[in-house]
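# Notes for the structure review
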Amino acid sequence: MTQAANPFGQVLVALVTPMTADGEVDWPAVEKHIDGVIASGADGIVVTGTTGETSTLTDDEKLRLVEVAGSVAGDRAKIITGGGSNETAHAIDLYQKSEKAGADGIMIVTPYYNKPTQAGLLTHFRLIADSTDLPVILYDIPGRTGVPIMYETILRLAKHPNILAVKDAKGDFSEVSRVLNQTDLMYFSGDDANALPHMSIGASGLIGVTANIAASPYRAMVDAVNRGDLAAATEQHRKLEPLVRAVMTHVPGTVAAKYILHGLGYISSPRVRLPLVGPEEWEAAIIEDELALVDGIDSIDLTDFRPDRNAAAGGALPAISGTTR
């Protein structure tokens, strides 16, 4: 199939939302972090996604994140809003407001907790895609939502003119290949460890958590794939492997990413909002052991890593509760 032009970018960062020690959004740190990942090679920023702690953000915070990201990025990167809802009406309202706030695209997660049928998923995605002129990425992550987007449903959704891509965290590579063969959809790897395997079978890029810490090796990996240099792409994959393991294996990726970003001095606090909490002592120790194996990533200097387990401990109750149902 012939794919449409990519309106999202290829190296997309699933952005953490930097917060103060009391769990409020640290807006200066947000601006600094967005600027930093773009300077390191990101050409797309996904705000208010899972990694951005969307389930504990208010709608006002989500919309301001879109506005701030757009202001910082300018024409350097696309801004994708990854927030949503398991209530279709709420999701439509939020995405329409995000479009007005300046988003370049939307990422719709499979409704969680409700466990709808495939007919329910089809209706949810179609109604949201009907409600906006923005290009849409479907987010298929059954490990979090409890329901996969089945192959037949993806084929039907691919006929919608606004639905252009899938973020795949399902890991069924044979299905990815099959969909790529039979539709015009683009795929983005939603699992940091599988970024290169996904691209090797035709994915357009990645939406990565680890890219918060090191976007440049992903940029190098994507560029190598684009020019057909598998050896160079594999070398970046090899260098990233222990860092990906440190971020994605032992605690939720948001928690580990913030712990590492704070230890490197990139953000002012590693705080997450409850029910997430910082790593326990033994978890922090394992993360630090994994980081000790990272070698050859020029964009980060782990000799400057100064972890603060006390600052990361526990989780915060913000002044205003989130509005995601």
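Refer to the structure presented above.
In short, a report on the structure.

Reading the values: rules and limits
Residues numbered from 1 in each chain as written. Predicted model: local features only at pLDDT ≥ 70, side-chain atom pairs only at ≥ 80, totals over all residues. Heavy atoms only, no water. Helix = DSSP H or I, 4+ residues; strand = E, 2+ residues; numbered from the N terminus. Rg over C-alpha atoms; globule rule 2.2 N^0.38 Å. Buried < 20%, exposed > 50% of the residue type's maximum accessible area, 1.4 Å probe, protein only. Patch = residues over 30% accessible without salt bridge, like charges linked within 9 Å, V, L, I, M, F, W, Y side chains within 5 Å. Areas by Shrake-Rupley, 256 points an atom, 1.4 Å probe, with all protein chains shown as cover. Salt bridge = Lys/Arg side-chain N within 4 Å of Asp/Glu carboxyl O. Contact = heavy atoms within 4.5 Å. Axes fitted to C-alpha atoms, helices over the stretch in contact; angles between N-to-C directions. Left-handed = near helix turned anticlockwise from the far one by under 90°. Nonpolar A, V, L, I, M, F, W, Y, C, P; charged D, E, K, R; others polar. Pairing = 2+ DSSP bridges. Expected span 1.5 Å × (residues − 1). Phe/Tyr/Trp six-rings, centres within 6.5 Å; stacked < 30°, edge-to-face > 60°. Lys NZ or Arg CZ within 6 Å of the ring centre and 35° of its normal. Bend = angle between axes of the 7 residues up to and from the residue.

Turning our eyes to something else, we now look at the overall build of the chain. Scanning the chain from terminus to terminus reveals 13 helices and eight strands. Over its C-alpha atoms the chain spans a radius of gyration of 18 Å, differing by no more than 12% from the 20 Å that the globule rule assigns to 325 residues. Along the first, second and third principal axes, the C-alpha set of the chain runs to 50 × 50 × 35 Å. Residues counted as buried form 56% of the 325 residues belonging to the chain.

With that settled, consider a nonpolar patch on the surface. A surface patch of nonpolar side chains, amounting to about 270 Å² of accessible area, comprises Leu-274, Val-277 and Leu-317. Topologically, Leu-274 is positioned in the loop between helix H11 (253-263) and helix H12 (281-291).

This next bit is on the side chain of Glu-61. Mapped onto the elements, Glu-61 comes out in helix H2 (residues 59-73). Ignoring any residue separated from it by four or fewer positions in sequence, one finds Glu-61 in contact with Val-25, Trp-27, Thr-56 and Arg-273.

Relative placement of two packed helices is described by the angle separating their axes and the distance separating the axes. Interhelical geometry of H11 versus H12 gives an angle of 65 degrees and a closest axis separation of 11 Å. Considering how the two elements wind past one another, H11 and H12 form a crossing that is right-handed. Between H11 and H12, the residues in contact are Ala-256, Tyr-259 and Ile-260 and Ala-284, Ile-287, Glu-288 and Leu-291, respectively. Looking at side-chain class alone, the contact of H11 with H12 contains six nonpolar, no polar and one charged residues.

This part takes up the sheet that holds strand S5 (residues 136-140). Pairing within the closed barrel is parallel, and its eight strands lie in the order S1-S2-S3-S4-S5-S6-S7-S8. Strand after strand, the sheet turns through a mean of 25 degrees between neighbouring axes, direction not considered. With four bridges connecting them, strand S2 (residues 44-47) and strand S3 (residues 78-81) associate as parallel partners. Note that in S3 the partner of Val-47 across the bridge is Thr-81. The strands that helix H4 (residues 118-130) touches are strand S4 (105-109), S5 and strand S6 (163-168); relative to S4, the one it contacts most, it runs at about 165 degrees.

The residue Ala-311 is located in helix H13 (residues 309-312) in this model. Residue Ala-311 is classed as partly exposed on the basis of its relative accessible area, which comes to 22%. With residues up to four places along the chain from it excluded, the contact list for Ala-311 reads His-262, Pro-270 and Arg-271.

Let's shift gears to H2. For H2, which comprises 15 residues, the first-to-last C-alpha distance of 21 Å matches the rise-based estimate of 21 Å (1.5 Å per residue) to within 8%. Tucked into the core, H2 has its buried residues touching helix H1 (27-39), S2, S3 and helix H3 (88-101). Positive backbone phi, at 60 degrees, marks Gly-74, one or two positions downstream of H2.

Within the structure shown, the criterion is met by 15 salt bridges. A salt bridge links Arg-238 to Glu-235; the shortest N-O distance between them is 2.9 Å. Of the two residues, Arg-238 and Glu-235 are both situated in helix H10 (residues 230-248); the distance of three residues between them amounts to about one turn of the helix. Assessed through its relative accessible area of 48%, Arg-238 is described here as partly exposed.

This part takes up the packing of aromatic side chains. If you walk through the whole model with that rule in mind, you get two aromatic pairs. When the centroid spacing of 6.4 Å and the interplanar angle of 80 degrees are considered together, the rings of Tyr-259 and Phe-305 count as edge-to-face. Here the residue Tyr-259 occupies a position in helix H11, and Phe-305 occupies one in the loop between H12 and H13, the gap between them amounting to 46 residues. In this structure, Tyr-259 and Phe-305 share a single accessibility class: buried. One cation-aromatic arrangement involves Arg-64 over Trp-27; the distance from NZ or CZ to the ring centre is 4.1 Å. Taking the ring centre of Tyr-151 as reference, the NZ or CZ of Arg-178 above it sits at 3.7 Å.

Here we take up unusual backbone geometry. In this structure, Pro-275 follows Leu-274 across a cis peptide bond, with omega equal to 15 degrees. The backbone of Thr-48 shows a phi angle near 55 degrees, a positive value even though the residue is not glycine. With respect to the helices, strands and loops of the structure, Thr-48 is situated in the loop between S2 and H2. One non-glycine residue with positive phi stands out, namely Glu-53, at about 65 degrees. Relative to the elements of secondary structure, Glu-53 occurs in the loop between S2 and H2.

Tracing the chain through its elements places Thr-210 in the loop between strand S8 (205-208) and helix H9 (215-226). With sequence-adjacent residues up to four places away left out, Thr-210 is seen in contact with Asp-192, Tyr-218, Leu-243, Val-244, Val-247 and Met-248.

Next up on the list: H10. When the local axis directions of H10 are compared, the greatest deviation, roughly 40 degrees, occurs at Leu-240, which is followed within four positions by the proline Pro-242. Of the residues making up H10, those classed as buried are Ala-233, Gln-236, Lys-239, Leu-240, Pro-242, Leu-243, Val-244, Ala-246 and Val-247. Tucked into the core, H10 has its buried residues touching helix H8 (195-200), H9, H11 and H12.

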